[in-house]
Amino acid sequence: MTEKLIVFDTTLRDGEQSPGASMTQEEKVRIALQLEKLGVDIIEAGFAAASPGDFSAIEAVSRKVTKSTVCSLARAVRNDIDRAGNAIKHAKSGRIHTFIATSPIHMVNKLRMTPDQVLERAVEAVKWALEFTDDVEFSAEDAVRSEIPFLIEVFNAVIQAGAKTINVPDTVGYSIPFQWGDRIKQLIEKVPNSKNVIWSTHCHNDLGMAVANSLAAVLNGARQVECTINGLGERAGNASLEEIVMTIKTRQDVFNLSSSINTEFIVPTSKLVSTITGYAVQPNKAIVGANAFAHESGIHQDGVLKHRETYEIMKAEDVGWGANKISLGKLSGRNAFKSRLDALGIQLDTDDLVNAAFDKFKLLADKKSEIFDEDIHALISDEYSSAMKESFKLIALKATCEINKNPHSSIVINCNGENKSETSEGSGLVDATFKAIEKIVQSDAELLLFSVNNITSGTDAQGEVTVRLTKGGRIVNGQGSDTDIVIASAKAYINAVNKITSKLERAHPQV
Ligand code: KIV
Ligand code: ZN
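So, how was this worked out
Residues numbered from 1 in each chain as written. Chains lettered and ligands numbered in written order. Predicted model: local features only at pLDDT ≥ 70, side-chain atom pairs only at ≥ 80, totals over all residues. Heavy atoms only, no water. Salt bridge = Lys/Arg side-chain N within 4 Å of Asp/Glu carboxyl O. Helix = DSSP H or I, 4+ residues; strand = E, 2+ residues; numbered from the N terminus. Buried < 20%, exposed > 50% of the residue type's maximum accessible area, 1.4 Å probe, protein only. Pairing = 2+ DSSP bridges. Axes fitted to C-alpha atoms, helices over the stretch in contact; angles between N-to-C directions. Contact = heavy atoms within 4.5 Å. Expected span 1.5 Å × (residues − 1). Near = heavy atom within 4 Å. Polar contact = N/O pair within 3.5 Å; in protein donor to acceptor, adjacent residues only side chain to side chain. Areas by Shrake-Rupley, 256 points an atom, 1.4 Å probe, with all protein chains shown as cover. Lys, Arg positive; Asp, Glu negative; His and termini not counted. Donors = N, O, S within 2.8 Å, 3.2 Å for Na, K, Ca; no water. Patch = residues over 30% accessible without salt bridge, like charges linked within 9 Å, V, L, I, M, F, W, Y side chains within 5 Å. 1 Å grid on protein atoms, 1.4 Å probe; cavity = no way out; pocket = protein on both sides within 12 Å on 5 of 7 lines; lining within 4 Å. Points joined across faces, edges and corners; volume = space filled by probe spheres on them. Nonpolar A, V, L, I, M, F, W, Y, C, P; charged D, E, K, R; others polar. Phe/Tyr/Trp six-rings, centres within 6.5 Å; stacked < 30°, edge-to-face > 60°. Lys NZ or Arg CZ within 6 Å of the ring centre and 35° of its normal.

Trainee: Help me understand the pattern of salt bridges in this model?
Mentor: Think of it this way: side chains of opposite charge can pair up when their charged atoms draw near. Within the structure shown, the criterion is met by 27 salt bridges. Across the salt bridge formed by Lys271 and Glu374, the nearest N and O atoms sit 3.6 Å from each other. Highlighted residues: Lys271 in helix H11 (residues 266–277) and Glu374 in helix H15 (residues 373–387), separated in sequence by 103 residues. Here Lys271 falls in the partly exposed class, since its relative accessible area comes to 24%. The class for Glu374 is buried, based on a relative accessible area of 13%. Between Glu402 and Lys405 there is a salt bridge whose closest N-O contact spans 3.7 Å. Put simply, Arg13, Asp14 and Glu44 are held in one network by salt bridges that share partners.

Trainee: Whenever I open this one, the sheet that holds strand S2 (residues 6–9) confuses me. Can you help?
Mentor: Within a beta sheet, neighbouring strands are joined by backbone hydrogen bonds and run either parallel or antiparallel to one another. With parallel pairing, eight strands are arranged side by side around a closed barrel as S2-S3-S4-S5-S6-S7-S8-S9. Here the strands of the sheet are splayed against their neighbours by 25° on average, with no regard to which way each runs. Across three bridges, strand S6 (residues 136–141) lies against strand S7 (residues 165–170) in parallel orientation. Of the residues in S7, the one forming a bridge with Ser139 is Asn167. The strands touched by helix H5 (residues 115–130) are strand S5 (94–101) and S6; relative to S5, the strand with the most contacts, the crossing angle is about 170°.

Trainee: Sorry if this is basic, but what is going on with the sheet that holds strand S13 (residues 392–400) here?
Mentor: A sheet is described by the order of its strands in space; here three strands give the open sequence S13-S14-S15, paired in antiparallel fashion. Each having just a single partner strand, S13 and strand S15 (418–425) make up the two edges of the open sheet. The sheet shows a mean angle of 15° between the axes of neighbouring strands, taken without regard to direction. In this structure, S13 lies alongside strand S14 (residues 408–415), joined through eight bridges in antiparallel fashion. Each bridged residue has a counterpart across the sheet, and for Thr400 the counterpart in S14 is His408.

Trainee: When you look at helix H6 (residues 148–161) in this model, what are you seeing that I'm missing?
Mentor: Helical geometry note: an α-helix holds 3.6 residues per turn, so side chains three or four residues apart project in the same direction. The end-to-end C-alpha distance of H6 is 20 Å, a good match for the 20 Å that 14 residues give at a rise of 1.5 Å each. Counting buried residues along H6, 10 of its 14 residues qualify, which places the element largely inside the surrounding structure. All of the buried residues along H6 are Ile148, Phe150, Leu151, Ile152, Val154, Phe155, Ala157, Val158, Ile159 and Ala161. Residues of H6 that are buried in the fold lie against helix H4 (104–111), H5, S6, S7, helix H7 (177–190) and strand S8 (198–203). Directly beyond the C-terminal end of H6, a positive phi value near 125° is found at Gly162.

Trainee: How should the site of ligand 1 be read in this particular structure?
Mentor: Near ligand 1 there are 13 residues, and of these Arg13, Asp14, Thr171, His202 and His204 occur at the shortest range. A distance of 2.6 Å separates an oxygen atom of ligand 1 from a polar side-chain atom of Thr171. Between ligand 1 and the protein, one listed contact pairs an oxygen atom with a side-chain N or O atom of His204 at 3.0 Å. Calculation on ligand 1 without its partners gives an accessible area of 260 Å², and the protein chains cover 100% of this total.

Trainee: I'm lost on the side chain of Arg183 in this one. Help?
Mentor: Relative to the helices and strands, Arg183 is located in helix H7. Here Arg183 sits buried without a salt bridge, and the closest side chain of opposite charge, Asp182, lies 7.3 Å off (N-O distance). Polar side-chain contacts of Arg183 include one of 2.8 Å to the backbone oxygen of Ala143. There is a polar contact of 2.9 Å between the side chain of Arg183 and the backbone oxygen of Ser146.

Trainee: Honestly, the coordination of the zinc ion (ligand 2) in this entry has me stumped. Any pointers?
Mentor: Four donors placed tetrahedrally around a metal ideally meet at 109.5 degrees, and six donors placed octahedrally ideally meet at 90 or 180 degrees. Protein ligation of the zinc ion (ligand 2) involves Asp14 (OD), His202 (NE2) and His204 (NE2), the donor distances falling in the range 2.0 to 2.2 Å. Between consecutive donors of the zinc ion (ligand 2), the numbers of intervening residues give the motif D-x187-H-x1-H. Here Asp14 is found in the loop between S2 and helix H1 (25–38), whereas its partner His202 is found in strand S8, with 188 residues between them in sequence.

Trainee: I keep staring at H11 and nothing clicks. Help me out?
Mentor: Taking 1.5 Å of rise per residue, the 12 residues of H11 would be expected to cover 16 Å, and the 16 Å separating its terminal C-alpha atoms lies within 8% of that figure. Across the 12 residues that make up H11, a large majority, 10, are buried. All buried positions along H11 are accounted for by Ile266, Val267, Thr269, Ser270, Leu272, Val273, Ser274, Thr275, Ile276 and Thr277. A positive backbone phi angle near 80° is found at Gly278, which sits one or two residues after H11.

Trainee: Where do I start with a nonpolar patch on the surface in this structure?
Mentor: Together, Leu447, Phe450, Val452 and Ile485 give the surface a local cluster of nonpolar side chains, amounting to about 310 Å² of exposed area. Residue position: Phe450 is located in strand S16 (residues 446–454). Residue Phe450 is classed as partly exposed on the basis of its relative accessible area, which comes to 35%.

Trainee: What should I look at first to understand the layout of surface pockets in this one?
Mentor: Any empty space left between atoms is shown by rolling a water-sized probe over those atoms. A volume near 490 Å³ is recorded for the second largest pocket. Going through the elements one at a time, H11 and S16 are the ones with two or more residues in the lining of the second largest pocket. Take the lining of the second largest pocket: its biggest share by element is five residues, from H11. Classifying every residue of the lining of the second largest pocket by side-chain character gives eight nonpolar, nine polar and three charged.

Trainee: Mind showing me how you'd approach the packing of aromatic side chains here?
Mentor: According to the stated counting rule, one finds seven aromatic pairs in the structure shown. Measuring from ring centre to ring centre gives 5.7 Å for Phe434 and Phe450, while their planes differ by 85°; the resulting arrangement is edge-to-face. On the criterion of sequence distance, the pair formed by Phe434 in helix H16 (residues 429–441) and Phe450 in strand S16 is long-range, its members being 16 residues apart. Residue class for Phe434 comes out buried when judged on its relative accessible area of 9%. In this structure, Arg83 packs its charged tip against the face of Phe55, placed 4.2 Å from the ring centre. Geometry around Tyr279 places Arg468 over its ring, the cationic atom sitting 4.5 Å from the centre.

Trainee: Mind showing me how you'd approach the side chain of Glu44 here?
Mentor: Mapped onto the secondary structure, Glu44 falls in strand S3 (residues 42–47). Engagement of the side chain of Glu44 in a polar contact is seen with the side chain of Arg13, the distance being 2.9 Å. In this structure Glu44 touches Phe8, Asp9, Thr10, Leu12, Arg13, Cys71, Ser72, Leu73 and His97, once residues within four positions along its chain are discounted.

Written out as structure tokens, the structure is:
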């Protein structure tokens, strides 16, 4: 019997700390149901004390997910733990993940607490959390820069208080694999009763070593890894789930561990997270990048055709490449559409939303003969963003270009109930359209990123556009999809403007 590696996914919490990646409740539920299908053991659905929106998203995930454990993060303060405990109340299996920083630099400058106070608070936090669930995880934030004797003291105390999982984070992505492995080994050897708990690791990618450090921890006794889809996360991100899982699976000779991940759902999950967050996956990203299984050189192509294993260590189908299925077409009716939504775990709250989504599906099916699951996900994201209470809505757009003439765009936007029109020229159709929109909305935001991806292949594929805007220190991502990329771009820009002009503020767990 091989031992099991527990996969703890934090895409919905640490992943959401990526600039502009914040997700709506509906989006979080959709990703959570996909993570459940993927087979992750624990879904960290958010940080309940961050805002009422975060609280209700965790609550909604707790009600919908039945197989995976649902977890909320909580600082080691009473209010956070109460919020977390109440948010996971309806989960079939719920966990509270509480943390406090243990490094001198954090204790002195951020917490302004002495080591004794930190120790006492850590124990109190675990005891408070146990009032809600017996599944309590404790993390020593910035463990990488904490002194080992102090870590041993804190971990010993929280284990005695009842913590079941001990997480050792490299919060700032500073470690290198042999040191990280050695740190985990020392802790497991020296903390009394360490055999009674699961040791976990949570590594950031600031030096590009999050996956390598996580795997070093596993080789030295960690049996839970905290990771995210596509490596999303604070700053340079977290360890990527797909890379860890496929390394364990491909290199059984080294790890001899199993996981409960259904690897054929890796690529669809990666695509869903990228569609929803607007974080495109780089083409050469391991496992889920578009080129991960593409062979360019003639010698490689020849080798693979003769015998696949000459250049391939994994099968593309095993991670879900080529799994996108034509799910619906022009002739599909409302019932077929609704059952496809159910199969994809998409639960639209009202009949009006289903009807509106079905109308959009029909329009799309007129333009595109084959509708894939990815198209449906994009369509639903679009449908939800246009159903949100938004100050600005796209009403009409006409964009024209001609050789040797300046591209020109005229647009009509509904601004809080009143239609306004503007026109503009630009260096291209998208530029002209953004300038025309800006004349109406006057957001004064700075454009940080404009990216276009095709959702499926073919020239009739939907273009999925992400626009990242910043203003006054806030960063937001707007998304839009359409078979016409100028329209998709306009939708994405307006979506971002709606977000940046709304007053939504959330607390950050680590501040
Ligand atoms: O990076 C970190 O230390 C964290 C903790 C809250 C686990 O995200
Ligand atoms: Zn983190």
